[in-house]
Amino acid sequence: NNSDENNVTVSDFMSTKVGSWWLYSSNEGNVNLLEATGRDSTIENAPYDYYTMTDTASRTQYVTHTFYAKNGQNYLNLIDLDGSQTSFVPAIVFVDSATLGQTWLNTHRMRYSGLNVDLEIEGTVTAVNATETINGKTYNNVTKVRSKLRGRQIPLVPIWTNCGTVDMWFVKGIGVLK
């Protein structure tokens, strides 16, 4: 995953300036607002740009801590798989100069419900330099990445279980489109 003290800001990829925001809708009908805070955070001795993700449909306005960093050619996102907002899985979500079919593998071990769980998140570039229209706005140079999450509980379940798939679209200079 290459997340370490060599992480740098993602400002060449997406804005880190206070007041910058993105609005996303999910397959479940939720609408989430991602906002740049302009602040840095250190997670497990590695610096990250800190964003907040707010569920605008909930009555409580639940806020999720969201972190991005760049390390070499890799753009990383910290993923909160257990909902604790304290135990994050670093994952490569985008790479500079991505090529069609390019893959990478994120591996991580975490404790969940008192058990060790091994995780794999395999990213695959499914499109480069695509043109996409979202809500009437056309975006060029779109890179699409499909990430597949697999897990296994050691030693109880030695075989890998598919846990889900996420498709993300990126445009350098704008950030995550979808």
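Residues numbered from 1 in each chain as written. Predicted model: local features only at pLDDT ≥ 70, side-chain atom pairs only at ≥ 80, totals over all residues. Heavy atoms only, no water.

J.: What's the story with the layout of surface pockets in this structure? I'm lost.
T.: Empty space among the atoms becomes visible once a probe the size of a water molecule is rolled across them. Approximately 1700 Å³ is the volume attributed to the largest pocket. Forming the boundary of the largest pocket are 41 residues, of which Tyr-24, Asn-32, Met-53, Val-166 and Met-168 lie nearest the centre. Broken down by element, the residue count for the lining of the largest pocket peaks at six residues, all from strand 10 (residues 161-171). Along the lines of polarity and charge, the residues of the lining of the largest pocket split into 22 nonpolar, 13 polar and six charged. The space that makes up the second largest pocket amounts to roughly 220 Å³. Val-117, Leu-119, Gly-151, Arg-152 and Cys-163 are, among the 13 residues lining the second largest pocket, the residues nearest its centre. Counting residues per element, the ones that place at least two in the lining of the second largest pocket are strand 7 (103-112), strand 8 (115-134), strand 9 (137-154) and strand 10. The greatest single-element share of the lining of the second largest pocket, amounting to four residues, is contributed by strand 9. (1 Å grid on protein atoms, 1.4 Å probe; cavity = no way out; pocket = protein on both sides within 12 Å on 5 of 7 lines; lining within 4 Å. Points joined across faces, edges and corners; volume = space filled by probe spheres on them. Helix = DSSP H or I, 4+ residues; strand = E, 2+ residues; numbered from the N terminus. Nonpolar A, V, L, I, M, F, W, Y, C, P; charged D, E, K, R; others polar.)

J.: I tried to follow the nonpolar core on my own but got confused; where do I start?
T.: It is characteristic of soluble globular proteins that their nonpolar side chains tend to be buried jointly. Judged by nonpolar contacts, the single largest core of 30 residues is most densely connected at Met-14, Tyr-48, Tyr-51 and Phe-170. Secondary structure elements with two or more residues in this core: strand 1 (21-25), strand 2 (31-43), strand 3 (46-55), strand 4 (63-71), strand 5 (74-79), strand 6 (89-95) and strand 10. (Core = buried A, V, L, I, M, F, W, Y, C linked by side-chain atoms within 4.5 Å. Buried < 20%, exposed > 50% of the residue type's maximum accessible area, 1.4 Å probe, protein only.)

J.: Mind showing me how you'd approach the environment of Leu-33 here?
T.: Here Leu-33 shows up in strand 2. In this structure, Leu-33 is in contact with Trp-21, Trp-22, Leu-23, Thr-52, Met-53, Thr-54 and Thr-56, ignoring residues within four places of it in sequence. (Contact = heavy atoms within 4.5 Å.)

J.: Whenever I open this one, the side chain of Ser-20 confuses me. Can you help?
T.: Considering the arrangement of structural elements, one finds Ser-20 in the segment before strand 1. Residue class for Ser-20 comes out buried when judged on its relative accessible area of 17%. Engagement of the side chain of Ser-20 in a polar contact is seen with the side chain of Ser-15, the distance being 2.6 Å. Of the polar contacts made by the side chain of Ser-20, one reaches the backbone oxygen of Lys-17; its length is 3.0 Å. Here Ser-20 is in contact with Ser-15, Leu-34, Glu-35 and Ala-36, once residues within four sequence places are set aside. (Polar contact = N/O pair within 3.5 Å; in protein donor to acceptor, adjacent residues only side chain to side chain.)

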